[in-house]
Amino acid sequence: MTRRLLRVVLAEFDVEEGAAVALGRLLRDDGVEVVYVGRLDTVDQVARTVEQEDPDILGILCGASGPEGLAEAAPGVLLFAVGNGPSGFENSFETLEDAANWVSGVRSHTVETPSDRVR
């Protein structure tokens, strides 16, 4: 059995709550399964959420500074950040539209990949 939808967890880190809702709607409309977890304050909270939700991609909306050590805390999960200062992320975007376009590009490569729950 394969997972038909790409699963993305969206979290906010050091931004006002609700900032990820617009991105979640863009992704949902593009056929992506979105889990919006709201504002998380520590890397540990993000890591536990990733462990529980088993996403393909983790999206962090962050303010002036992004969470440090997040890539190490969520191994095996693609990671992107949206905000003014997430320079420490390999995939960082300034706009929600750029992030949504990137996720859509990833989607085409993972649609036939079995879920970790199945492997």
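In this report, we go over the structure that sits alongside the text.

What counts as what
Residues numbered from 1 in each chain as written. Predicted model: local features only at pLDDT ≥ 70, side-chain atom pairs only at ≥ 80, totals over all residues. Heavy atoms only, no water. Salt bridge = Lys/Arg side-chain N within 4 Å of Asp/Glu carboxyl O. Helix = DSSP H or I, 4+ residues; strand = E, 2+ residues; numbered from the N terminus. Buried < 20%, exposed > 50% of the residue type's maximum accessible area, 1.4 Å probe, protein only. Pairing = 2+ DSSP bridges. Contact = heavy atoms within 4.5 Å. Axes fitted to C-alpha atoms, helices over the stretch in contact; angles between N-to-C directions.

**Comments concerning the pattern of salt bridges**
- Scanning the model with the defined rule gives five salt bridges in all.
- In this structure, R7 and E53 form a salt bridge, with 2.6 Å as the shortest nitrogen-oxygen distance. With R7 in strand 1 (residues 7-13) and E53 in helix 2 (residues 43-53), this pair connects stretches of sequence that are 46 residues apart.
- On the accessibility criterion, R7 (11% relative accessible area) is buried.
- For E53, a relative accessible area of 21% gives the class partly exposed.

**Observations regarding the sheet that holds strand 3 (residues 57-62)**
- Taken together, five strands build an open sheet; the order of strands is 2-1-3-4-5 and the sheet is parallel. At either margin of the open sheet sits one strand with a lone partner, and together these are strand 2 (33-39) and strand 5 (92-93).
- Sheet analysis places strand 1 next to strand 2, joined by six bridges and oriented parallel. Bridged to A11 within strand 2 is G38.
- Where helix 2 meets the sheet, its contacts fall on strand 1, strand 2 and strand 3, and the angle it forms with strand 1 comes to roughly 165 degrees.

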